[in-house]
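Breakdown of the fold
Residue-level listing of the chains:
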Amino acid sequence: MKIVMHSLEQISGVAIYPIIALVIFFVFFMLVGYMVVSAPKEYIDEMSHMPLDENDDLPTDNHN
């Protein structure tokens with residue numbers, strides 16, 4: 001770990017990288033939160049029931 005820390009200390013302007021990572025994370029988190037809050041209730045209900053629906057439209061492998 002000392003090798004990594006020593007190498008990072010030698011790079012000028014390295015302090016900006018954690019700030020950029022935080023901003024990217026925050027923007028992504030806010031975007032996903034907005035998408036969840038603004039999604040229509042019908043879409044949420046459809047997606048929540050999707051794993052429980054018995055759908056025969058999917059191809060099945062019955063060649064046993």
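Anything mentioned here points back to the structure above.
Here's a quick rundown of the structure. In this text, all values refer to a predicted model and were calculated from it rather than measured experimentally. (Residues numbered from 1 in each chain as written. Predicted model: local features only at pLDDT ≥ 70, side-chain atom pairs only at ≥ 80, totals over all residues. Heavy atoms only, no water.)

Within the protein, the regular secondary structure consists of three helices and zero strands. For the protein, the succession of helices and strands along the chain, N to C, is α-α-α. Taken across its 64 residues, the protein has 0% of its residues classed as buried. For the protein, the accessible area works out to roughly 6,700 Å², and carbon and sulfur atoms hold 69% of it. (Helix = DSSP H or I, 4+ residues; strand = E, 2+ residues; numbered from the N terminus. Buried < 20%, exposed > 50% of the residue type's maximum accessible area, 1.4 Å probe, protein only. Areas by Shrake-Rupley, 256 points an atom, 1.4 Å probe, with all protein chains shown as cover.)

Under the criterion given, the structure shown has one salt bridge. Of the charged contacts, one joins K41 and D45 as a salt bridge, the two residues approaching to 3.6 Å between their closest N and O atoms. With K41 and D45 both in helix α3 (residues 41-49) and four residues apart, this pair spans about one turn of that helix. Exposure remark for K41: the relative accessible area of 59% places this residue in the exposed category. Note on D45: relative accessible area 33%, which makes it partly exposed. (Salt bridge = Lys/Arg side-chain N within 4 Å of Asp/Glu carboxyl O.)

The grouping of I16, Y17, I19, I20, L22, V23, I24, F25, F26, V27, F29 and M30 at the surface amounts to a nonpolar patch, some 1,300 Å² of accessible area in total. Locating F25 in the fold gives a position in helix α2 (residues 16-38). Residue F25 is classed as exposed on the basis of its relative accessible area, which comes to 53%. (Patch = residues over 30% accessible without salt bridge, like charges linked within 9 Å, V, L, I, M, F, W, Y side chains within 5 Å.)

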